[in-house]
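Observations on the three-dimensional arrangement
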Amino acid sequence: MLGAAAPFLRPPGGCRSQREQRAHGMAFGAARTRSSAAAPEERRRRVAPAPEAEAGEEPLLRGIFEISKRSCDVVLSARRLRWSPILPESPTGVSSINVQAQEEVIEMKDVFSVKLKRRLFVGQKKGGTLLGITIFKCLKKEENKLTDCAIHLNNLSEDHCHSWFRHLKEILNGFQNRPKSLKVFVNPSSHKREATHVYYEQVAPLFRLADIKTDVTVTEYEGHALSVLKECELQAFDGVVCVGGDGSVSEVAHGLLLKAQIDAGKDTDYIPTPVRAPVPLGVIPAGTTNILAHTLHGIKHAVTATLHIIMGHIQPVDVCTFSTPTKLLRFGFSAMFGFGARTLALAEKHRWMPSNQRKDFAFIKTLADLKPEECELSFLPLQIPQEDSHENDKQKREKIKKKGSKDQWHKIQGHFLNVSIMAIPCLCSMAPRGLAPNTRLNNGSMALIVVQNTSRTEFIKHLKRYASTKNQFNFPFVETYTVQEVKVQPQLKSGLDAKENTYLNAAAAEGNYPWNIDGDLMKGASQIHVRLHPQLINLYGVNTDDLESSQATCNCI
């Protein structure tokens, strides 16, 4: 995957490769052709005419390079790099110009780095023989995967290569969303303690290749990233990156938004209208489920996530606030109360176990001790008339705010096995369609999914549907709503048992109930108020609708 970048990532020295030896000789020929316009050899050659320029695509440079062992006529514009092989005359003297040359094209928006290519001898650290230019391109592959590839433009002329290099760099510097400086958080404890290896072996080399400066913090304890972000001068960076699992990403996203409120002079105890995060957040998956990374990239793949950051692919994303009547508790993208929260709380209690075993144990144990939560749900439904479908996002958000004061709250009360509140689809390998497939990253709504009390057998059938392509909500005990706000008011139960999860019931008796917010455990008070805030943060990734559908399934149940 990084093989295309190998000449610039390995230490100087070593034997000459066969490619370099051939490039040396053939690039010399290309330079000679360029400098000897009147030579007999040149008179016997014909250069294919440059294609007519489209509107706004005037040629900036035109020259001769050797590409893939062939001398090529290369044309650079602000939008594209084109080349086609130079066509020789036939031995009879009849020009073969009428033969259609195969032209190749690179969109400059797909290029993320350009380097001068030099041959360095053993022990040599600077200088070296100039061989040409290497262009690094972001290439889209199957299953939403991105990778890097290199195109070598060989020419031995120093002036020629430096002129092209300067123009290429100017074009790349013109892409405004691409970061030049990043603040990076690495959680070394994520999943199988692989985050550090993922960053330094797969992510950092690509950042260096793209000339991105980084300031790296390897977190040492829970809350470390939050404390650093509160004191961080974010204006010094173009973005923030988190390498870790869902819990790490949740902490960094919360810290980034909390820092924005502090800088704006907001009262952080009560924020009805928070301000947007000042810089985008990038997510490098290095955890177990990696829900946010799957939702943004369609795959758990560190190089794909890195290239989305380098290319500046930005998506505005809706965010929720979780608060009591008087205090902000958390910013987040999704939450579960009931089964999903109890499972996480039990897993956190057994952190001495390996990650996968801990989560499997907690899932099976909570399923065996399945019990409903008695609570009252109040929600403000979102209703956008059909004729509004062609309005832009800003008009829709303004209409939502106006309707919010007119609409009436709905209430339902009963015993619920699980309550999910999600502002994003929440894709993962265990739920290829998403935990909330009917919502989007930034459509200004939340999905409220209520699973009422039922038998363990029926509940398992519902859970297994998440791993298939069938509708997981097509059960009589499952209700879904599209909402703007939700209030969850648990009711204190009597006669709490004293089994393995006694500490959960004790917490409930004290008015603290477990919540699963983006894979991070939060103890909430007796009433939690969840509000949606449209497009509150920018994340590096693509729109969910642009992702290829996954055929992956899960057999863990």
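What counts as what
Residues numbered from 1 in each chain as written. Predicted model: local features only at pLDDT ≥ 70, side-chain atom pairs only at ≥ 80, totals over all residues. Heavy atoms only, no water. pLDDT = per-residue confidence, 0-100. Helix = DSSP H or I, 4+ residues; strand = E, 2+ residues; numbered from the N terminus. Contact = heavy atoms within 4.5 Å. Buried < 20%, exposed > 50% of the residue type's maximum accessible area, 1.4 Å probe, protein only. Core = buried A, V, L, I, M, F, W, Y, C linked by side-chain atoms within 4.5 Å. Polar contact = N/O pair within 3.5 Å; in protein donor to acceptor, adjacent residues only side chain to side chain. Salt bridge = Lys/Arg side-chain N within 4 Å of Asp/Glu carboxyl O.

Quick notes on the confidence of the model for the protein chain
The pLDDT averaged across the protein chain works out to 82; a share of 78% of its residues lies at or above 70. Averaged pLDDT values for the elements of the protein chain fall to 40 in helix α1 (residues 6–9) and rise to 97 in strand β10 (residues 181–186). Contacts from residues 386–390, a stretch scored under 50 in pLDDT, to residues over four places away or in other chains number three contacts. The model gives residues 550–557 a pLDDT under 50, and that stretch makes 12 contacts with residues more than four places away or in other chains.

A few points about the environment of C232
Along the chain, C232 turns up in the loop between α6 (224–231) and β12 (239–244). The buried category is assigned to C232, whose relative accessible area is 10%. In the structure, C232 is positioned 24 residues away from L256 in sequence and 9.6 Å away in space, judged by C-alpha atoms. Non-local contacts of C232, meaning those with residues more than four positions away in its chain, are made with F237 and K259.

Overview of the nonpolar core
Of all hydrophobic cores here, the largest spans 54 residues; its most connected members are F333 and I537. No other element matches helix α7 (residues 246–263), which puts six residues into this core. When residues no more than four places from it in sequence are discounted, the contact partners of I537 are L256, L257, R276, A277, L281, Q315, P316, V317, V319 and F333.

Details of the environment of S157
By the element assignment, S157 lies in the loop between β9 (146–154) and α4 (158–173). Overall, the relative accessible area of 18% leaves S157 in the buried class. Taking the C-alpha atoms as reference, S157 lies 7.8 Å from L130; in sequence the two are 27 residues apart. Reaching out from S157, the side chain makes a polar contact with the backbone nitrogen of H160 at a distance of 3.2 Å.

Considering the pattern of salt bridges
This model, assessed by the stated rule, comprises 17 salt bridges. Salt-bridge contacts for K183 lead to D215; the nearest nitrogen and oxygen are separated by 3.0 Å. Residue K183 is located in strand β10, and its partner D215 is located in strand β11 (residues 213–218); the two are separated by 32 residues in the primary sequence. The class for D215 is partly exposed, based on a relative accessible area of 36%. A salt bridge links E458 to K461; its shortest N-O distance comes to 3.2 Å. One end of the pair is E458 and the other is K461, both in helix α13 (residues 456–465) and three residues apart, which spans about a single turn. A relative accessible area of 43% means that K461 is categorised as partly exposed. Several salt bridges converge on common partners, so that one network encompasses K115, K169 and D211.

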